Amino acid sequence: NDISFRTFRARAKHKTKRNKMGCGQSKNHPEFTPGKQDGKVDYRAKKAALARSHKHDGPSGRLPASIDEQNKKKQPRVLGIIPARYGSTRFPGKPLADIAGKPMIWHTYTNACKSRALDLCIVATDDARIKKVVESFGGICVLTNPECVNGTERCLEVYKKCIKKGEEYDVIVNIQGDEPFIEPEHIDLVAQIVCEAEEDDVCMGTLCRPAIDRKDVEGVNNVKVVVDRNMNALYFSRAIIPHNKSGTYDPDTKYLRKLGIYSYRADFLPEYVRMPESMLQISEDLEQNKVIEAGYKIKLGWVEDAVHGVDTVGQLEALNLAIERGELMHRGKRIKKGGKSFKGQF
């Protein structure tokens, strides 16, 4: 009848139109290609086809990141900073002092860069001569304000410069420039303390080791520390602590000596520098005491042994003499003097 004829003609016309648009082919047809019809590429259709081919794809058409990749993204970024001041009162030019034929700062920087925890290591100095030496052996060095009172202020200045360049860090490690034989594993440990701290009020980390002998405990330049059962610092002192009634060294007491390395939560470092001097800080001449006095926590990591820094010319001479005699071991190897001395070059 007339109605059936008009219906048949409309359906035929619609089918012809679909074929012209490339919609008439079955997805199982050998000539069917998603997103490509009549020689033209439909990128929207191609993306949709790609999304359908993966069960867990999101709107972007990409597979979700693996667990390892997700954890890697969450890893805190750690910045290592080595304050190196030229104008030391007791030992001017100490960072450039010769040790086994190379400047002290070379040894410190080279060993620090072996740390697995650091994303970047920078020397912070107040003197162009130190900057020249560091850059001569391929190191990174930043000039800081000569008016900085201490190494902590230099660390903050370098950190702020990194932020201005768009570099974000979660933890800052302050590495003493006069510790040429710093252990990379110690840097890893002190960074880990702050990175993995469960308590919100743990904002700093440092290390300690068992005291060796009476001289190690009684020396006023050897800072001692007492800790609680969670390895949080209770007090730092130049005096003998714990202190008995007789006021003398007791070989049966377990004394702990603090090492010269610190880690800070990056958001705490500006606050630390702004903190006014405290009574305990001034009394002991130990800056870290103001943190405890303000109610924050400093957590310590335990190491069995450590090579301490060089404070005086006499210690440097003794160190070089031990190297000459082949008596100094570092990381299982005997340190040997080799190469031309840097002393006369800078």
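See the structure above.
What counts, and at which threshold
- Residues numbered from 1 in each chain as written.
- Predicted model: local features only at pLDDT ≥ 70, side-chain atom pairs only at ≥ 80, totals over all residues.
- Heavy atoms only, no water.
- Salt bridge = Lys/Arg side-chain N within 4 Å of Asp/Glu carboxyl O.
- Buried < 20%, exposed > 50% of the residue type's maximum accessible area, 1.4 Å probe, protein only.
- Core = buried A, V, L, I, M, F, W, Y, C linked by side-chain atoms within 4.5 Å.
- Helix = DSSP H or I, 4+ residues; strand = E, 2+ residues; numbered from the N terminus.
- Phe/Tyr/Trp six-rings, centres within 6.5 Å; stacked < 30°, edge-to-face > 60°.
- Lys NZ or Arg CZ within 6 Å of the ring centre and 35° of its normal.

A. Highlighting the pattern of salt bridges. Evaluated as defined, the whole model comprises 14 salt bridges. The partner of Glu 167 in a salt bridge is Lys 165, and the shortest N-O contact between them spans 3.9 Å. The residue Arg 209 makes a salt bridge to Asp 216 at a minimum N-O spacing of 2.9 Å. Classification of Arg 209 as buried rests on a relative accessible area of 2%. A single salt-bridge network, built from bridges that share partners, covers Arg 209, Asp 216 and Arg 257.

B. Broad picture of the nonpolar core. Formed by 31 residues in total, the largest nonpolar core has its most connected members in Ile 172, Met 204, Phe 236 and Tyr 272. Sorting the residues of this core by element identifies β3 (78-84), β6 (120-125), α6 (151-164), β9 (202-210), β11 (233-237), β12 (256-265), α9 (269-274) and β13 (297-302) as the ones contributing at least two each. Counting residues in hydrophobic clusters, the runner-up holds 28 residues, among them Ile 82, Ile 130, Ile 187 and Ala 306.

C. Inspection of helix α4 (residues 104-112) at higher detail. In terms of burial, α4 is a largely internal element, 7 of the 9 residues being buried. Taken as a whole, α4 has its buried residues at Met 104, Ile 105, His 107, Thr 108, Tyr 109, Asn 111 and Ala 112.

D. Inspection of the packing of aromatic side chains at higher detail. Tallied over the entire structure, the rule returns 6 aromatic pairs. When the ring of Tyr 249 is compared with that of Tyr 255, the centres are 5.6 Å apart and the planes differ by 20°; the resulting orientation is stacked. Here Phe 268 and Tyr 272 contribute two aromatic rings whose centre-to-centre distance is 5.9 Å and whose plane-to-plane angle is 20°, an arrangement assigned as stacked. Just as Phe 268 is buried, Tyr 272 falls in that class too. Over the ring of Tyr 86 we find Arg 129; its NZ or CZ atom is 3.8 Å from the centre of that ring. The side chain of Lys 290 reaches across the aromatic face of Tyr 272, ending 4.9 Å from its centre.

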